[in-house]
Amino acid sequence: MSSAGQTFRPTAALVRAVVLAAGTGVLALLSSQPALAVLAAPFVVWSVLGMLRRPPVDSPPPVAELSARAIAAGDAVDATVRATAADRVIDLALPPHAGADLAPPWGAVCGVETASVRVRPQRWGRLDLVDAVVRESDEVGLWHRDVRLRLGPIEVSPSAIVPGRGDAIPHPIGTAGIHPSRRAGDGSALADIRRYLPGDRLSRINWRVTSRTGILHTNATTADRDTDVLIVMDTLADVTTAELSGPFASSLDATVVAAASLAEHYLRLGDRVGVHDLGGVVGDLPPRSGIRQFSALTTRLARVSRADVGRRDLRRVQRLRPGTFAVVCSPLLDDDVLTEIAVLARRGAAVLVVDTLPDRIGRLERGPADRSGPLAHLLDPAPGSFWEEAWVLRRLQRDADVARLREVGIPVAPWQGVGGVATLAAALAAQRPTARAGGAPR
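In this text, all values refer to a predicted model and were calculated from it rather than measured experimentally.

The rules behind each value
- Residues numbered from 1 in each chain as written.
- Predicted model: local features only at pLDDT ≥ 70, side-chain atom pairs only at ≥ 80, totals over all residues.
- Heavy atoms only, no water.
- Buried < 20%, exposed > 50% of the residue type's maximum accessible area, 1.4 Å probe, protein only.
- Helix = DSSP H or I, 4+ residues; strand = E, 2+ residues; numbered from the N terminus.
- Pairing = 2+ DSSP bridges.
- Axes fitted to C-alpha atoms, helices over the stretch in contact; angles between N-to-C directions.
- Expected span 1.5 Å × (residues − 1).
- Arc of directions from axis to C-beta.
- Contact = heavy atoms within 4.5 Å.

*Asks:* Looking at this structure, how should I read the pairing of strand β2 (residues 63–66)?
*Replies:* Regular strands have side chains that alternate between both faces of the sheet. By the alternation rule, side chains of β2 split into A64 and L66, which are all buried, and V63 and E65, of which none is buried. Here 4 bridges tie β2 to strand β4 (residues 77–82), and the two strands are oriented antiparallel to one another. Its bridge partner being in β4, A64 is matched across the sheet by V81.

Next comes the structure, spelled out in C-alpha cells:
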C-alpha cells in the first residue's frame, strides 16, 4: 500500500541553525570577539543535537490504511496514516476527489504518530483515491521526508437510504411463494373441484361436495411458482448537468438506484430476479432468488468504474421466458433501446418502463422574455449558448416516443421510488396488456 520510503532530509530550521553557527563562529575567529562565540554556542549545540538525532537511513516509511474497502454511497471511510516510530509528526494531504467529500474540507491534517482524513463518497461505483502526500518529521522538527502512499480504490454501492429503497408496497403479480400458475399440480391455489380419481391425495377430498352429491370429489390445485423478474438497465450513456445534485443527479445514477431498489424488493418477496445490462458496464446476472443475488448485484455496481461508461453497442436480451415481468430502467434517449423494449413485449414479457431521465433536464426554468441579453446570444452565439433549447427539443421528441410506447400497451413511469412503480405494475398484472403486432415505436 505504501511507496518506498525516502531518506530523511534536514528541515529549514536545522539548516538555519547550522548556517548561523558556522557564520557566527567564523566571524568570532576573524574579529577575535568572544561575544560572537557565546552567541554561536546555542546554534552549535542545536546543530550537533540535530546531527545526533538523525533518524536511521533504513527507517520504514509510514503506513496508510482505509477503515473499509466496501461501503454504501453517503457512508464515510477514514484514510489513516500511521508512523512506524514513536513521536513522529505526520502531515497528511489528500487531494480533493470528484464525487466525494473530505473532512477536513481540504484534506489536510496534522497529528502525532497518526493522522486521518474522512472520505465520504456521494456516488456509487469504484472510487480510485489519489495517492496521499505525507510529510513525516521528528518530534523537534529537525528532519523530515516526503512520502507518497497509495490508498487504493473504494467500492461504493448504491445508498440504501435514498428515496424508493425499502418501501413496503403490494406485490404487482401475487404473493411471494404462491404466485398464480396456469399449470395444474401440487399447490395451495384452488383451480377446480372434480371427481375423485385413483391416486389423488385423501387430504384433498372435498367432504362438503362429497356429502351433497354422494360421490367422492377432490380439490384440484395449480402448482405454486415464483415470478421471474428481469431488470433491464440502460447504461449506454450518462446524462447530467452541473446544476443537478443528489442521489438522482444523472440518468445513470437514477438507473442504478432504480435497478437496485427493484431487485431488492422482488428478492425479498421470494421472486427470481435477473439483471441484463444493455451497455455491458455492470454485466448480466442470471435469474436467481435469495439475498445472495442482491449482494452479487451491489458488489458488481460497487466495482464499476465511471470511466468505463460511454457509448457502446447495445446488448440485446437473449433468453426470456414467456410471462416474465420485465422492468426496463432507461432515460429513453436511444432508438435501439426503444426497439428492444418493443421486442420484449412481442416476445411475451409483461414490460414496464421506468423513466430515469432527470426531470430538470430539458425544462426551461425561465421564459424567453425573462432571459438576460437575448440579442447578445443571437449576435455572438458562443459554444453552448443554446444548450438548454437543444435539450428542450430533445425532450419533446422523447415525449413522442414515450407516447408511442403507451399506445402499444407499455406503461412508462418516472422514477420516484418503488411505490410509484408498484402502482403501474399492479395495473399491468391485472390487465395483462400485450403489444400489438407491428406496433413497435419508430
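What follows continues from the structure just given.
*Asks:* Where do I start with the sheet that holds strand β10 (residues 132–137) in this structure?
*Replies:* Sheet strands line up and pair through hydrogen bonds in the backbone, either parallel or antiparallel. Spatially, 5 strands are ordered β1-β11-β10-β5-β7 in an open sheet, and the strand pairing comes out antiparallel. The open sheet has two edge strands, β1 (9–10) and β7 (108–112), and neither has a second partner. In this sheet, strand β11 (residues 143–149) lies alongside β1 in antiparallel orientation, the contact comprising 2 bridges. By the bridge assignment for β11, P10 is matched with W143.

*Asks:* Would you mind showing me how to read the sheet that holds strand β16 (residues 272–277) here?
*Replies:* Spatial strand order, β17-β16-β15-β18-β19-β20: 6 strands in an open sheet with mixed pairing. The open sheet terminates on both sides in strands that have one partner only, identified here as β17 (285–288) and β20 (412–414). Put simply, the sheet's adjacent strands are angled 20° from each other on average, direction ignored. Across 2 bridges, β16 lies against β17 in antiparallel orientation. Bridge pairing in β17 places V273 opposite R288.

*Asks:* Could you clarify how one ought to interpret helix α8 (residues 387–407) in this entry?
*Replies:* An α-helical segment advances 3.6 residues per turn. Residues three or four places apart therefore align on the same side. Here α8 is 21 residues long and its end C-alpha atoms lie 31 Å apart, about the 30 Å a rise of 1.5 Å per residue gives. Every buried residue of α8 is listed here: W391, R394, R395, R398, D401, V402 and L405. Buried residues in α8, looked at end-on, bunch into an arc of 120°, giving them a common side. In α8, the exposed residues that point more than 90 degrees away from the buried face are L393, L396 and E407. Against α6 (335–346), β19 (350–355) and β20 lie the buried residues of α8. Downstream of α8 by one or two residues, G409 has phi in the positive range, about 90°.

Everything listed here is a matter of geometry and, on its own, says nothing about what the molecule does.
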